[in-house]
Amino acid sequence: MSDNVARRGFLVGGLGGAVLLASGCTSNEPAAAPSSAAPAPAQATGGNDQPGTKVVIGFSAPAADHGWIAAIAKNAESAAKQYSDIEFKPVEPTNDINQQISAVESLIAAKVNALVILPNDGQQLNQVALQATEAGIPVINLDRIFPDKLAYRTWIGGDNYGMGVAAGHYIGTELKSKNVSNPVIVEIQGIATLPLTQDRSKGFADALKTYGFKVTAQQDAQFTVETGNEVATSLLQAHKKIDALWNHDDDQGVGVLAAIKEASRDEFIMVGGAGSLNAMKEIQSGTSVLKATVTYSPTMASSAIKLARLIAQGKGMSDLVENQVPQSITLASETITKDNVEKYLALGFES
Amino acid sequence: MSEPTTDRPPGKTAALSLPSIRGVGEMRHLGLFGALALLVVVGLITRPDNFATASNLVSILSLAATIGVITVGATFVIIGGGIDLSVGAVMALASVWATTLATQSYGPVVMAICAILVGTGAGLVNGILIAYGRLVPFIATLAMLVAARGLAQRMSDRKTQLIQSDNAALVDLSTTRVAGIPLLVYVFALVVVLGWVLLNRTTFGRRTYAVGGNPEAARLAGIDVRRHTMLLYALSGLCCGIAAILIMARTTTGSSTHGDLYELDAIAAVIIGGTLLTGGRGTIMGSILGLLIFTLITNLFILNGLNTSDQLIAKGLIIVVAVLLQRRNLKERAP
């Protein structure tokens, strides 16, 4: 009976998610409506938000093939809208390296005051970023890093290793508080060949080690609902009793949760990754095995726009002592649980 | 197309000689059963406590169900001398179309019908292009693969579409169990039985063998080869539509990422099952056994905590070994 209730809760959560998907289903245009659930970044202290010199900020990112990238573009736009002194110049998003290079070139030619670039591939766009820097345009490198430090002014991005650490600490503390010895800890990765996946797994293992725990079983999926479902179905058979499960990606997590419900299992705690709206609603319901998710938040795009504005206006970050914006900013992976989920709901992205 | 070298009798006699073809198939199944038995033994030895449990068997069948339904359709197409590369993409498109908010507002029955219509429609387009447009099946269905995947991404805006709580009846296919087995496994079994009857006990089935074995002879024997070819692809599309319903039930979603590389899994299962890629020979049972071998390998690897790279190597080896064995079988049986 309890698993039935859990399923209902899940589906109610799903309903909310589906309603928010409405624009995606009824129109064929990328959901660019900034009105819907746009995160409201915190106001800066120290008067940095006062209108200053007018600046033009160019923006280039890959096409949205995943909810996360879609949220990046949306967040960048809504952050720019908050400032009357920003003229936001996005270029057509593309997954083609060649096209992204020409798009950035066109922004250089247009003499924008700052560039925010999330490259399709840091290596391959390094050259054009270098050109921009040489032309005197500060480049704010978003997430996927350019190998050449001369190519960018500031890098801001997420912490994959830190995601693993956050998940490991959550699971470690929970299991310690329950006095579980020799726990069965299962990990479902994304695409195993990606460096980001390996970083996440390493962080997870390292954090668990501080509690004297280790990963019992690890399998990789493909960041898709279907593969998450397949892998979880067999993993649940392999381990009759699990104490904790970390799934790297909330989108594939939809499939993992479906497999868990199908198998009527609820003896363990599950932690997600990325911070999608679906996952947050699931955590909020309280009836799900999903107890937490660790963020890799697309809000970094909003922050990148803010940084671009400060750099272009020659301002520093007012909470810091330095006169200039730092060279590198790594976001902390935050742990969302039932206790703080309210605060994050507005930042959740539709997977 | 020209047939002077063929040793198969044309037209009606092809139909009459069917029992012997089936006989060959059943002999070949012995090898498949052997391989399956071997895997079961490996499972019993390596994970005695987890492998032979009822719930693991149910898991294996549930995992096999979606692609199994597609494999039934693929078997028809390949016996008929064609190939369908678009199956995974068509299934994804059907799942997305059936889970748009517009479709969901009509309830689970309409969603299921929608998936079936989209699948059959896409298959029909394949069939018309191949039979009447004279496109090579490989090219026509490759085009459909790319286009259907693209359309699915467009419709879903590349997002995962959840099934709403009003339509939970669809998810019940996966969660409701009768005699301990989820409903979707019964759907799978029903499709296999119907496929078997259609292939072995009807004129449609006999014509499929005839068209695949020797289209020119089939035409001379009075079979409308083009129409039949078109219907084969529509049938494959229908199976994709049914598979879309099952994947929606299992994952509670429709998504443009569903069914990635299913075409390769389905073709591999059909080949392992002893169906000739050149058409004219093959059995449903063989394909299903081939698929179960693949599913069992994945299950065994995960039960033993081995990674996907090793699974891929094992699957590649099995395909090669299966085809080599079949070739030897065929030679031995040659007059």
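Everything numeric here is computed off the predicted structure, so don't read it as measured data.

### With respect to the overall build of chain B
Phase 1: Helices and strands together make up the secondary structure of chain B, namely 15 helices and four strands.
Phase 2: Counting the 335 residues in chain B, one finds 55% classified as buried.
Phase 3: Taking all contacts inside chain B whose residues are at least 6 apart in sequence as the whole, residues at least 24 apart take part in 80%.

### Things to note about the packing of helix H9 (residues 183-201) of chain B against helix H12 (residues 225-251) of chain B
Residues and elements named next belong to chain B.
Phase 1: Look at H9 against H12: their axes get within 11 Å of each other, and the N-to-C directions meet at 165°. Here H12 runs roughly antiparallel to H9, going by the angle between their axes. Considering how the two elements wind past one another, H9 and H12 form a crossing that is left-handed. Judged by residue contacts, Leu184, Val187 and Val191 of H9 engage Cys239, Ile242, Leu246, Ala249 and Arg250 from H12.
Phase 2: Tallied by class, residues from the contact of H9 with H12 come to seven nonpolar, no polar and one charged.

### A short note on the packing of helix H8 (residues 225-238) of chain A against helix H14 (residues 284-303) of chain B
Phase 1: H14 of chain B packs onto H8 of chain A with a crossing angle of 55° between their chain directions and a minimal axis gap of 8 Å. As summarised for this structure, H8 of chain A and H14 of chain B are arranged oblique, according to the angle between their axes. Regarding H8 of chain A and H14 of chain B, the two cross each other, and that crossing is right-handed. Along the contact surface, H8 of chain A presents Val231, Ser234, Leu235, Gln237 and Ala238 of chain A, while H14 of chain B presents Thr298, Asn299, Ile302 and Leu303 of chain B.
Phase 2: Residue composition of the contact of H8 of chain A with H14 of chain B, by class: five nonpolar, four polar and no charged.

### Concerning the UniProt feature "transmembrane region" (unreviewed entry) in chain B
Residue and element names in this part refer to chain B.
Phase 1: The residues that UniProt annotates with the feature "transmembrane region" (unreviewed entry) are residues 27-45, 57-79, 109-129, 135-152, 178-199, 230-249 and 284-303.
Phase 2: Regarding residues 178-199, the helix share stands at 77% and the strand share at 14%, and the terminal C-alpha atoms are separated by 28 Å.
Phase 3: Helix and strand shares over residues 230-249 are 100% and 0% respectively, and the end C-alpha atoms of the span are 29 Å apart.

### Here we look at the interface of chain B and chain A
Phase 1: Contacts between chain B and chain A engage 39 residues on the former and 42 residues on the latter.
Phase 2: Mapped by element, the contributors of at least two residues to the side of chain B that touches chain A are helix H3 (54-79), helix H5 (101-104), helix H7 (137-156), strand E1 (161-162), helix H8 (168-175), H12 and H14 of chain B.
Phase 3: Broken down by class, the residue content of the side of chain B that touches chain A amounts to nine nonpolar, 24 polar and six charged.

### So, the sheet that holds strand E8 (residues 244-247) of chain A
Residue and element names in this part refer to chain A.
Phase 1: Across the sheet, which stays open at both edges, the six strands sit in the order E7-E6-E8-E9-E10-E12 with mixed pairing between neighbours. This sheet does not close on itself; its edge strands, each paired only once, are strand E7 (217-220) and strand E12 (335-337). Neighbour-to-neighbour, the strand axes of the sheet open up by a mean angle of 20°, direction not taken into account.
Phase 2: Sheet topology note: the strand E10 (residues 290-295)/E12 ladder contains three bridges and is antiparallel. Among the inter-strand pairings, valine 294 is bridged to a residue of E12, identified as threonine 335.
Phase 3: In the packing of helix H6 (residues 160-177) onto the sheet, the strands contacted are strand E6 (185-189), E8, strand E9 (269-274), E10 and E12, and the crossing angle to E9 comes to about 165°.

### Side note on the sheet that holds strand E3 (residues 114-117) of chain A
Residues and elements named next belong to chain A.
Phase 1: Reading across from one edge, E2-E1-E3-E4-E5-E11 is the order of the six strands in this open sheet, with parallel pairing throughout. What marks the edges here is a single partner per strand, and that holds for strand E2 (86-90) and strand E11 (328-330). Put simply, the sheet's adjacent strands are angled 20° from each other on average, direction ignored.
Phase 2: Relative to E3, strand E1 (residues 55-60) runs parallel, the two sharing four bridges. Opposite glycine 58, over in E3, you have leucine 115 as the bridge partner.
Phase 3: Against the sheet, helix H11 (residues 300-312) touches E1, E2, E3, strand E4 (139-142) and strand E5 (154-157), its axis set at about 165° to E5.

### Considerations on the environment of glycine 31 of chain B
Phase 1: The residue glycine 31 of chain B is located in helix H2 (residues 18-46) in this model.
Phase 2: As a C-alpha pair, glycine 31 of chain B and threonine 202 of chain B span 171 residues in sequence and 27 Å in three-dimensional space.

### Considerations on unusual backbone geometry
Phase 1: Of note, aspartate 143 of chain A is a non-glycine position whose phi angle comes to about 65°, a positive value.
Phase 2: Residue placement: aspartate 143 of chain A occurs in the loop between E4 and E5.
Phase 3: Its identity is not glycine, yet leucine 261 of chain B carries a phi of approximately 65°, on the positive side.
Phase 4: Among the structural elements, leucine 261 of chain B can be located in the loop between strand E4 (253-254) and helix H13 (262-272).
Phase 5: Judged by the 9 C-beta atoms lying within 10 Å of it, leucine 261 of chain B falls in the exposed class.

### Concerning the UniProt feature "domain: Periplasmic binding protein" (unreviewed entry) in chain A
Phase 1: Mapped onto the present numbering, the UniProt feature "domain: Periplasmic binding protein" (unreviewed entry) falls on residues 57-315 of chain A.
Phase 2: End C-alpha to end C-alpha, residues 57-315 of chain A measures 15 Å, and it is 47% helix and 18% strand.

### A look at the pairing of E6 of chain A
Residue and element names in this part refer to chain A.
Phase 1: Where burial is concerned, most of E6 is hidden: five out of the five residues are buried.
Phase 2: Burial along E6 is two-sided: Ile185, Glu187 and Gln189 and Val186 and Ile188, pointing in opposite directions, are all buried.
Phase 3: Note that E6 and E8 share four bridges and pair parallel. Opposite glutamate 187, over in E8, you have tryptophan 246 as the bridge partner.
Phase 4: Where E6 lies against E7, four bridges are found, and the strand directions are parallel. By the bridge assignment for E7, valine 186 is matched with alanine 217.
Phase 5: Taken together, E6, helix H7 (residues 195-209) and E7 form a β-α-β motif whose crossover is right-handed.

### Things to note about the environment of glycine 136 of chain A
Phase 1: Checked against the element boundaries, glycine 136 of chain A lands in the loop between helix H5 (122-134) and E4.
Phase 2: Counting along the chain gives 25 residues from glycine 136 of chain A to tyrosine 161 of chain A, while the straight-line C-alpha distance between them is 33 Å.

About the cut-offs
Residues numbered from 1 in each chain as written. Chains lettered and ligands numbered in written order. Predicted model: local features only at pLDDT ≥ 70, side-chain atom pairs only at ≥ 80, totals over all residues. Helix = DSSP H or I, 4+ residues; strand = E, 2+ residues; numbered from the N terminus. Buried ≥ 20, exposed ≤ 12 C-beta atoms within 10 Å, placed from the backbone. Contact = placed C-beta atoms within 7 Å. Axes fitted to C-alpha atoms, helices over the stretch in contact; angles between N-to-C directions. Parallel < 35°, antiparallel > 145°, perpendicular 65-115°, else oblique. Left-handed = near helix turned anticlockwise from the far one by under 90°. Nonpolar A, V, L, I, M, F, W, Y, C, P; charged D, E, K, R; others polar. UniProt positions renumbered as here; feature names shortened; annotations may be inferred. Pairing = 2+ DSSP bridges. Right-handed = clockwise from strand over helix to strand, strands pointing away.

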